[in-house]
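Residues per chain, in single letters:
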Amino acid sequence: MRDLSWPARVYLLAVIGAAALMLWHGLSTRADLLAPERIGTLLVLVLLFLVCESMPTLLNVEQFAVSVSFSAALAAVVLIGPEGTALVGFTAVLSVRPGLPLVKRLFNGAQFAICGTVAGWVYLHLGGKTGVPAANAFDELIGPYAAATAVFVPLNIVLTLTMIRLATGSGTTAMPMRGMVQFLLSYLGYGTFGLLVAGLWATVQSISAVLVLLPLFVARWAFGQYHAQQRSYDATIAALCQAVETKDYYTRGHCTRVSRASTMIAEEIGMGRERLRAIGYAGMLHDVGKLGVPTKVLQKDGPLTEEEFAAIQLHPMRGLEIVRGIDFLDEAYAGIMHHHERHDGRGYPMGLAGDEIPEFARIIAVADAFDSMTSDRSYRGARPVEVAVRELHKGAGTQFDPVMVTAFVKALERAPWQPPRRVEPPPPEADETPIKDHDDPTMPIEVVSGP
């Protein structure tokens, strides 16, 4: 509590106070809530709620999980009404989720109580009936229940995100809009389990909770396997990138930044989720072929010979050879292979032009050049973002695809670029000549004929 800002403390107390009032009002007006004939239903729903609350389910959205305990709360809306739903939701304070502090337990319990009460009011207002539904009356519950879910879910998200913003002092959430939509849809989908509990209660009563828990835990296991696989993929990519960046002091972090910039462009032009993941991988691995280029060539002082420059030009093909056996890269292969092609056909390794160049490669070409220009190099300091953007515009139609340049500039307007911190160079040798960067369109490598 002491770590929270004053606005967050006030908000926390307001949410807890509102929940306490709702609970007091519910218990004082529903004397039958704790009657023997209802206490069994209440206890089963509380148990289902706590089991789900203590074991959150991973979603198909990176770094986010959701407790599907609200399914039990929504079942309570039908079976015992808004007052009972508030009581079920408030038991979140008893969650045994590891590492969850008391303040978060209190907030979770309070916001679940508020959401359950409001959802229950909506359910009753639209003609929903409280109690175990009759088999021939189940259809009448669907509309009110759907409305209750449509209120519960957004209210839960708003209350939670408001607390996060006040507690962290951030005006934005860590989840992008696309992820937020997926998160909301997943939340609404899990809400249908509450209706399933209520519907099964008429025939199998408390066993319905067990029948619902089984698919929930199967889904939890499946998503856990999916995310474990993704973490394994990411670790593989990170290891390859680290190997590349050890060859050049000045390119540390370059792969990660190119991946981020490439994803920004891809989002701007409307790529789907799976292709966004693939372009992120392609950005991370675009220079992996440098592992096949002698270090003395990459770090050579001064101009390169034609043979040495030819070795540099082969690095996209070397990259393809290195990653060809990694099945999950999918379309990323094309980005790795062709990111040094030019829009006018004067690039390498195959001299493709215009739309002949794969879309991933056209994206990475812009991201790669931009990060090179806005990063420190041995022969110059980082250029300001505005200067780099002007250079991208200057190269649009010749070196870069104009569509990708325009998309990146629009993306930068919405999410300003944070250049990397200044790199402190290693102590220079007395006769050292600055090394040029083949990714920097403003300072091309010098090539001389002969040995």
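Reading the values: rules and limits
Residues numbered from 1 in each chain as written. Predicted model: local features only at pLDDT ≥ 70, side-chain atom pairs only at ≥ 80, totals over all residues. Heavy atoms only, no water. Salt bridge = Lys/Arg side-chain N within 4 Å of Asp/Glu carboxyl O. Helix = DSSP H or I, 4+ residues; strand = E, 2+ residues; numbered from the N terminus. Buried < 20%, exposed > 50% of the residue type's maximum accessible area, 1.4 Å probe, protein only. Phe/Tyr/Trp six-rings, centres within 6.5 Å; stacked < 30°, edge-to-face > 60°. Lys NZ or Arg CZ within 6 Å of the ring centre and 35° of its normal. Axes fitted to C-alpha atoms, helices over the stretch in contact; angles between N-to-C directions. Parallel < 35°, antiparallel > 145°, perpendicular 65-115°, else oblique. Left-handed = near helix turned anticlockwise from the far one by under 90°. Contact = heavy atoms within 4.5 Å. Nonpolar A, V, L, I, M, F, W, Y, C, P; charged D, E, K, R; others polar. UniProt positions renumbered as here; feature names shortened; annotations may be inferred.

## So, the pattern of salt bridges
- For the coordinates displayed, the defined rule picks out nine salt bridges.
- As a salt-bridge pair, Glu 268 and Arg 414 come within 2.2 Å of each other at their nearest N and O atoms. Linking Glu 268 in helix 9 (residues 254–268) with Arg 414 in helix 17 (residues 402–414), this pair joins segments that are 146 residues apart in sequence.
- Classification of Glu 268 as partly exposed rests on a relative accessible area of 23%.
- In this structure Arg 414 comes out as exposed when scored by relative accessible area, which is 61%.
- The partner of Arg 362 in a salt bridge is Asp 401, with the nearest N and O atoms 2.8 Å apart. Taken together, the residues span a long stretch of sequence, with Arg 362 in helix 15 (residues 359–373) and Asp 401 in the loop between helix 16 (385–395) and helix 17 at a distance of 39 residues. The burial state of Arg 362 is the same as that of Asp 401; both residues are buried.
- Residues joined in a network through salt bridges with shared partners are Arg 275, Glu 331 and Glu 359.

## Thoughts on the packing of aromatic side chains
- Taken as a whole, this structure holds six aromatic pairs when the rule is applied.
- Between the aromatic rings of Tyr 11 and Phe 107, the centroid separation amounts to 6.2 Å while the plane-to-plane angle is 45°, which identifies the pairing as tilted. Taken together, the residues Tyr 11 in helix 1 (residues 6–29) and Phe 107 in helix 5 (residues 102–125) connect sequence positions 96 residues apart.
- A relative accessible area of 6% means that Phe 107 is categorised as buried.
- Aromatic side chains Phe 408 and Trp 417 sit 6.4 Å apart centroid to centroid with 75° between the ring planes, which places their arrangement in the edge-to-face category.
- Phe 408 gets classed as buried once you look at its relative accessible area, which sits at 0%.
- According to the relative accessible area criterion, Trp 417 is buried, its value standing at 6%.
- Of the aromatic side chains, those joined through ring pairs into one cluster are Phe 49, Phe 112 and Phe 152.
- Between Arg 9 and the ring centre of Trp 6, over which it is positioned, the NZ or CZ distance is 4.7 Å.
- Over the face of the ring belonging to Trp 417 we find Arg 260, whose NZ or CZ atom lies 4.1 Å from the ring centre.

## As for the packing of helix 1 against helix 5
- Look at helix 1 against helix 5: their axes get within 8 Å of each other, and the N-to-C directions meet at 50°. When the axis of helix 1 is compared with that of helix 5, the two are oblique. Considering how the two elements wind past one another, helix 1 and helix 5 form a crossing that is left-handed. Each of Tyr 11, Leu 12, Val 15, Ile 16, Ala 18, Ala 19 and Met 22 in helix 1 lies in contact with helix 5, whose residues at this interface are Val 103, Leu 106, Phe 107, Ala 110, Gln 111, Ala 113, Ile 114, Thr 117, Val 118 and Trp 121.
- Taken together, the residues of the contact of helix 1 with helix 5 sort by class into 15 nonpolar, two polar and no charged.

## Re helix 3 (residues 70–79)
- Where burial is concerned, most of helix 3 is hidden: 10 out of the 10 residues are buried.
- Every buried residue of helix 3 is listed here: Phe 70, Ser 71, Ala 72, Ala 73, Leu 74, Ala 75, Ala 76, Val 77, Val 78 and Leu 79.
- Looking one or two places after helix 3, you find Gly 81, whose phi comes out positive at around 85°.

## Observations concerning the UniProt feature "transmembrane region" (unreviewed entry) in the protein chain
- Mapped onto this numbering, the UniProt entry gives "transmembrane region" (unreviewed entry) at residues 6–27, 39–59, 71–94, 106–124, 144–167, 179–201 and 207–223.
- Structurally, residues 6–27 is divided into 100% helix and 0% strand, and its ends, taken at the C-alpha atoms, are 31 Å apart.
- Taken end to end, residues 106–124 comprises 100% helix and 0% strand; its first and last C-alpha atoms sit 27 Å apart.

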